Amino acid sequence: MIWNREFETLPRPELERLQAERLRRVVRYVYERVQPYRERMREAGVSPEDVRHREDVAKLPFMTKRDFRDHYPYGLFAVPLDRVLRIHASSGTTGKPTVVSYTRHDLDVWAEVCARCLAASGARPGDVFQNAYGYGLFTGGLGMHAGAERMGLVVVPASGGNTERQILLLQDFGPKVLACTPSYALTLAEALEARGVRPGQLALRYGILGAEPWTEAMRQQIEEKLGIAALNIYGLSEVIGPGVANECLEAKDGAHVFEDHFLVEVVDPYTGEPLPPGRQGELVFTTLTKEALPVIRYRTGDVASLNPEPCRCGRTFVRMSRVVGRTDDMLIVRGVNVYPSQVEAALVGLPQLSPHYQIVVSRERTLDELEVRVEVDPLYHHALGGLDPADERVQGLLRRAYESLYGVLGLHVRVTLAAPGSLPRSEGGKLRRVVDLRAS
Ligand code: DLL
């Protein structure tokens with residue numbers, strides 16, 4: 001189902017005209033209202049008049065996470081605080097959170113784009129919807145909540161965590177649609193399996209999974225174990241939260257970016273030069289309709305590519321690939337490129353391991369050392385009765401993980417097994433995937 005047929009299927013020429021018009025407006029708006037960005041434009045020698053066409057976006061200077069840090073908490077807002085209705089924040093694992101804000105109009109746009117995600121993923125008005133993204137400062141819970149209400153779903157605001165209660169709700173409330181992170185979907189799938197609940201015994205049909213990187217192999221596992229179609233949702237607080245892009249059920253091949261609200265580019269992470277469709281690089285977004293905190297050419301740090309081919313679902317919006325890595329996670333270890341997604345791909349085939357892992361790089365004198373810490377699957381951990389290094393099963397698992405990582409990366413990796421839930425998480429429940437100790 002297409003939630004907003006009028007906009008989601010706009011013929012490209014019309015869409016691009018609309019984008020150009022909105023781009024002109026937002027650039028002038030930001031220039032007039034956001035002092036740090038006005039100064040940056042002046043330094044770059046660009047004025048709002050220089051932006052006429054959609055392509056002119058490339059003349060504008062970038063914004064980065066650093067701008068949020070430098071102007072923490074409210075310095076990038078384009079409206080007085082009394083026009084802000086809501087504040088969210090994404091907690092990094094270090095330092096101050098990134099603060100974002102919404103006017104009434106922004107909340108309205110946000111609900112609209114989240115409703116589009118739900119519809120694209122298979123939800124229909126009247127369906128029961130279990131929202132297991134965290135409620136609170138994290139954008140996932142309240143963002144999807146508003147989208148679901150907009151659509152007329154029966155919302156179960158479960159929030160994140162508490163697997164026992166999630167399972168009770170899944171069994172008794174009969175949700176057809178579930179939203180959570182992909183790693184949590186696997187946790188739920190495994191907990192259900194452990195209780196002998198088969199996929200067919202639940203009403204569940206669709207999963208809207210995102211907020212962290214995942215792979216096709218994980219999709220397959222989740223779909224099989226939960227008996228659902230699992231769709232990828234992408235978003236980030238600085239742009240709006242969830243609802244920047246979502247896959248369609250028809251193709252499940254790349255997430256449609258809601259281009260009437262968000263202008264997307266891919267740039268070379270080193271030079272900042274725009275890259276043509278199909279090339280992998282850093283995603284950069286310009287918000288076209290936001291009031292409280294518009295961003296211009298915001299560098300996400302997420303590495304992906306764009307596919308402009310028409311889609312069989314009828315949406316005319318460009319599709320972004322899965323996020324294959326982060327520019328700040330792109331590791332070069334002993335001269336070899338390492339992405340967390342590769343580590344994930346190597347570990348996913350070992351059912352005794354969970355998808356919760358952390359990569360630690362350090363340097364012993366001159367040689368880089370790569371360590372992968374990975375949590376053992378809760379059931380297997382229980383069966384082992386702990387992680388005794390003398391236990392042959394533990395040794396065997398370590399060996400298999402080592403071999404699998406060596407096969408994918410071509411590097412010797414030290415594998416450390418950790419107890420379920422023991423690796424440190426941030427407030428949004430996310431693991432810091434990469435810890436690089438070489439610089440410190
Ligand atoms: O994670 C918003 C969100 C909530 C998206 C619920 C989807 C569902 P932040 O906490 O600001 O916002 O984190 C944003 O998470 O820059 C990506 O690195 C990563 N991310 C989000 N979605 C995906 C995805 C929310 N589908 C950061 N695949 C982004 C890979 C994702 N990475």
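Now for a description of the structure that goes with this document.

**Re the layout of surface pockets**
Move 1: By volume, the second largest pocket is sized at about 710 Å³.
Move 2: Every residue lining the second largest pocket is counted, 40 residues in all, and those nearest its centre are G161, T163, Y184, T187 and H356.
Move 3: Put simply, the parts of the chain that give the lining of the second largest pocket at least two residues each are α7 (163-172), α8 (182-194), β18 (353-364), β19 (367-376) and α11 (378-384).
Move 4: Per-element tally for the lining of the second largest pocket: the top contributor is α8, with 6 residues.

**Thoughts on empty space enclosed by the protein**
Move 1: One pass over the structure, following the stated rule, counts 3 cavities of 30 Å³ or more.
Move 2: Looking at the largest cavity, the residues that line it are P213, W214, T215, V324, G325, R326, D329, P340, S341, E344 and Y357.
Move 3: Only β15 (325-326) and α10 (340-347) provide two or more residues apiece to the lining of the largest cavity.
Move 4: Among the elements that line the lining of the largest cavity, the one with the most residues is α10, at 3 residues.

**Quick look at helix α12 (residues 392-409)**
Move 1: Taking 1.5 Å per residue as the helical rise, α12 with its 18 residues ought to reach 26 Å, and the 25 Å between its terminal C-alpha atoms agrees with that figure.
Move 2: Within α12, the full set of buried residues consists of V394, G396, L397, A401, L405 and L409.
Move 3: For α12, the secondary structure elements touched by its buried residues are β17 (336-338), α10, β18, β19, α11 and β20 (414-418).
Move 4: Where α12 starts, the residue carrying a side-chain oxygen 2.8 Å from the main-chain nitrogen of R393 turns out to be D391.
Move 5: After α12 finishes, the residue G410 shows a positive phi value of roughly 70°.

**Quick look at the packing of α10 against α12**
Move 1: As a packed pair, α10 and α12 sit with axes 8 Å apart at the nearest point and diverge in direction by 135°. By the criterion of interaxial angle, the relationship of α10 to α12 is oblique. Crossing angle aside, the handedness with which α10 passes α12 is right-handed. On α12, the residues touching Q342, V343, A346 and L347 of α10 are A401, S404, L405, V408 and L409.
Move 2: Classifying every residue of the contact of α10 with α12 by side-chain character gives 7 nonpolar, 2 polar and no charged.

**Comments concerning the packing of α8 against helix α9 (residues 216-226)**
Move 1: It is at 9 Å that the axes of α8 and α9 come closest, and there the two elements cross at 35°. Judged by the sense of rotation from one axis to the other, the crossing of α8 with α9 is left-handed. In contact with P182, S183, A185, L186, A189, E190, L192 and E193 of α8, α9 contributes M218, Q221, I222, K225 and L226.
Move 2: Considered class by class, the residues forming the contact of α8 with α9 number 8 nonpolar, 2 polar and 3 charged.

**Re the site of the ligand**
Move 1: For the ligand, the set of nearby residues contains 21 residues, the closest of which are N232, I233, S237, D302 and K430.
Move 2: Protein burial of the ligand: of its 610 Å² of free accessible surface, 92% is covered by the chains.
Move 3: Where the shell around the ligand is concerned, the elements lending two or more residues are α6 (139-151), β7 (229-236) and β8 (241-247).
Move 4: Looking at which element gives the most residues to the shell around the ligand, the answer is β7, with 5 residues.
Move 5: Here the shell around the ligand is built from residues that sort into 9 nonpolar, 8 polar and 4 charged.

**Examining the environment of D82**
Move 1: Looking at the element boundaries, D82 is found in the loop between α4 (65-70) and β1 (86-90).
Move 2: A C-alpha to C-alpha distance of 9.2 Å links D82 and T103, two positions 21 residues apart in sequence.

**Brief notes about the nonpolar core**
Move 1: Ranked by size, the top nonpolar core spans 79 residues in total, and within it L118 and F285 carry the most contacts.
Move 2: Grouped together as the second largest cluster of nonpolar side chains are 26 residues, A346, V361, V374 and L384 included.

**Notes on the pairing of strand β11 (residues 281-287)**
Move 1: The buried fraction of β11 amounts to 7 of the 7 residues, a majority that puts the element mostly inside the structure.
Move 2: Inspection of the sheet shows strand β10 (residues 262-267) paired to β11 by 6 bridges, in the antiparallel sense. Its bridge partner being in β11, V267 is matched across the sheet by E282.

About the thresholds
Residues numbered from 1 in each chain as written. Predicted model: local features only at pLDDT ≥ 70, side-chain atom pairs only at ≥ 80, totals over all residues. Heavy atoms only, no water. 1 Å grid on protein atoms, 1.4 Å probe; cavity = no way out; pocket = protein on both sides within 12 Å on 5 of 7 lines; lining within 4 Å. Points joined across faces, edges and corners; volume = space filled by probe spheres on them. Helix = DSSP H or I, 4+ residues; strand = E, 2+ residues; numbered from the N terminus. Expected span 1.5 Å × (residues − 1). Buried < 20%, exposed > 50% of the residue type's maximum accessible area, 1.4 Å probe, protein only. Contact = heavy atoms within 4.5 Å. Polar contact = N/O pair within 3.5 Å; in protein donor to acceptor, adjacent residues only side chain to side chain. Axes fitted to C-alpha atoms, helices over the stretch in contact; angles between N-to-C directions. Parallel < 35°, antiparallel > 145°, perpendicular 65-115°, else oblique. Left-handed = near helix turned anticlockwise from the far one by under 90°. Nonpolar A, V, L, I, M, F, W, Y, C, P; charged D, E, K, R; others polar. Near = heavy atom within 4 Å. Areas by Shrake-Rupley, 256 points an atom, 1.4 Å probe, with all protein chains shown as cover. Core = buried A, V, L, I, M, F, W, Y, C linked by side-chain atoms within 4.5 Å. Pairing = 2+ DSSP bridges.

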